[in-house]
Amino acid sequence: MVELDTLVSLCKRRGFIFQSSEIYGGLGSAWDYGPLGVELKRNLKDLWWRDNVHRREDMVGLDAAITMHPKVWEASGHATHFADPFTGCQDCGRHYRADKQDEASQSSKWIQAIRKVIEGPAGQKDPDRALRNWARSDGKKLAPNLPWVKNPDDPAPIPNRPEWLNGRCPACGGSLSEPKPANLMLRTTLGPVEATGTVIYLRPETAQGIFVNFDNVLQATRKKLPFGIAQIGKSFRNEITPGNFTFRTREFEQMEIEYFCAPGIDEEWHQKWIDERHAWYLRYGLRNENLRLREHAKDELAFYAKRCVDIEYLFPMGWSELEGIANRTDYDLKQHAKVSGRPLTYFDEERKEHIVPYVIEPSGGVDRAALAFLINAHHEEEVRGEKRVVLKLHPELAPIKVAVLPLLKKRDDIVSCAKEICAAMRRRWAALYDDSAAIGRLYRRQDEVGTPYCVTVDVQAVGDPEKGEAADRKVTIRDRDSMEQIRVPIAELTDVFPELLAGGWNRVATRYPPHAPGS
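If you're wondering where the values come from, they're calculated on a predicted model, not measured in any experiment.

Draft legend 1. Representation of the sheet that holds strand 10 (residues 251-261) in the model. With mixed pairing, 7 strands are arranged side by side in an open sheet as 3-9-10-16-13-12-11. Among the strands making up the open sheet, the edge pair consists of strand 3 (59-61) and strand 11 (291-295). Here the average twist between neighbouring strands, direction ignored, is 25°. Looking at chain direction, strand 3 and strand 9 (residues 227-236) are connected through 3 bridges and run parallel. Each residue of the ladder has a partner; that of G61, found in strand 9, is A230. Each of strand 3, strand 9 and strand 10 touches helix 2 (residues 35-54); the most contacted strand, strand 9, lies at about 160° to it. Each of strand 9, strand 10, strand 12 (307-315), strand 13 (318-329) and strand 16 (358-365) touches helix 15 (residues 366-377); the most contacted strand, strand 12, lies at about 40° to it.

Written out as structure tokens, the structure is:
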């Protein structure tokens, strides 16, 4: 699996993701999606919307406002319950989520360094002496506030001390305070004058916008149970320990569904959505061995949840949540009805009574999903003695579907033909023209950004009048993953590419003659 630092470097170099406000030193946990990143993200959202809304009869969409009436958050419980336990370092002042201490420790540079010392030859022979030597050298820079680093000559054996590793700051080795709760909602003021303005919150989830619009959607669409409302939008949380690239940020984008069903069949629908959402990630290329379902224990369930299952992905920092599918029961609709004084019910024609539907909520993050697909797609291999980096993204996720490349940019006829092809392709797909390097380097560049196919225009395509060679009006199509190439008539490209982008390379390759592979 690719290391996170390697992926961060690739994302910046190739225009997927940039550090926000980088020219001013950046802003912690804030990221900007570049030219390719925004295409990847848009493709991801479009696929999710197509599969979960447009291709289902029981789904409709919504786009609710980010700022909502403050009573929404009182009713939902966020104003009083939306908090995480946090702890702070009494030496360096950094803060951490107390329930994610293990995650922070995994990325701690000084803890990783200590493990290397202990596992090394000197550590195997005499761990106490090896650790004291480390404390006198690298330890002063990596963990200056660790007690035995401050005083390496203390005769007490280091590995037997109570402050050996537990309860220490992952950044400096200092002492951590007792955990206490911290509200995660970001506040702002509505109105031109702050002193007289209304204090509101930037929404911490998109779900509540769906719940407060339940009756509006029901009256407008006349949907029958079961049915769902889907929404993609920004949310904000004042995370205590943002980090791991785009995995945990304070501003993020959610893809959420609130699926309403009659009480009594909620467990059946919950399982259906668990299975469907798990299959969706597999459908677009995430490897099965890097996905797992984790059932929430009773003591970790949200106060409103009957059951919750997380789809977890094996990120470089370990197994972490990719999407959660929760059975929220009828809590939200009842709470909003109680606080607002407006009934939020559904009239059951069979039972001839009003009922409060149960809600199944598949909730995933756009940013986390994009990160998972990038990690999953990253491959390194050796080709003819050179390292080849390739993003094996699913064609429907790939930012660029086809790159059109002239073999010789000094030949005006080749360049003109390539640009005409690219213009024709661009009417239907995200296509790119590039003549800024030799053909081998152009291929490598497209491999690294995940472009599934390259079309190369060579001398044969346009002919060579000086040598009396007629144009065959054919181009070379190169497959990213196999690097195999075929010759296809220019007139047939727009007919061939729908099949290619649907994963039909092997079928198409049987109909056209192979071409000697380039680099």
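Draft legend 2. Seen up close, the packing of helix 2 against helix 15. Taken N-terminus to C-terminus, the directions of helix 2 and helix 15 make an angle of 110°; their axes are 10 Å apart at the nearest point. Taken together, the axis directions place helix 2 and helix 15 in an arrangement best described as roughly perpendicular. For helix 2 against helix 15, the interelement crossing comes out right-handed. Taking contact as the criterion, the partners of L40, K41, L44 and K45 in helix 2 are, on helix 15, V366, D367, A369, A370, F373 and L374. Residues that form the contact of helix 2 with helix 15 fall into these classes: 7 nonpolar, no polar and 3 charged.

Draft legend 3. Quick look at the sheet that holds strand 19 (residues 402-406). Pairing within the open sheet is mixed, and its 6 strands lie in the order 20-19-21-22-23-24. Edge positions in the sheet fall to strand 20 (431-433) and strand 24 (514-515), since each has one partner strand and no second. Here 2 bridges tie strand 23 (residues 485-489) to strand 24, and the two strands are oriented antiparallel to one another. Counted as the bridge partner of Q485 is H515 from strand 24. Across the sheet, helix 19 (residues 493-501) touches strand 19, strand 21 (453-457), strand 22 (474-479) and strand 23, and the angle it forms with strand 22 is around 10°.

Draft legend 4. Examining the nonpolar core more closely. With 54 residues, the main nonpolar core has F16, Y281, F315, L322 and F373 as its most contacted residues. Looking at this core, the element that brings in the most residues is helix 15, giving 9 residues. For F373, the contacting residues outside a window of four places in its chain are L44, W280, Y281, Y284, G285, L286, L393 and L397.

Reading the values: the criteria
- Residues numbered from 1 in each chain as written.
- Predicted model: local features only at pLDDT ≥ 70, side-chain atom pairs only at ≥ 80, totals over all residues.
- Heavy atoms only, no water.
- Pairing = 2+ DSSP bridges.
- Helix = DSSP H or I, 4+ residues; strand = E, 2+ residues; numbered from the N terminus.
- Axes fitted to C-alpha atoms, helices over the stretch in contact; angles between N-to-C directions.
- Contact = heavy atoms within 4.5 Å.
- Parallel < 35°, antiparallel > 145°, perpendicular 65-115°, else oblique.
- Left-handed = near helix turned anticlockwise from the far one by under 90°.
- Nonpolar A, V, L, I, M, F, W, Y, C, P; charged D, E, K, R; others polar.
- Core = buried A, V, L, I, M, F, W, Y, C linked by side-chain atoms within 4.5 Å.
- Buried < 20%, exposed > 50% of the residue type's maximum accessible area, 1.4 Å probe, protein only.

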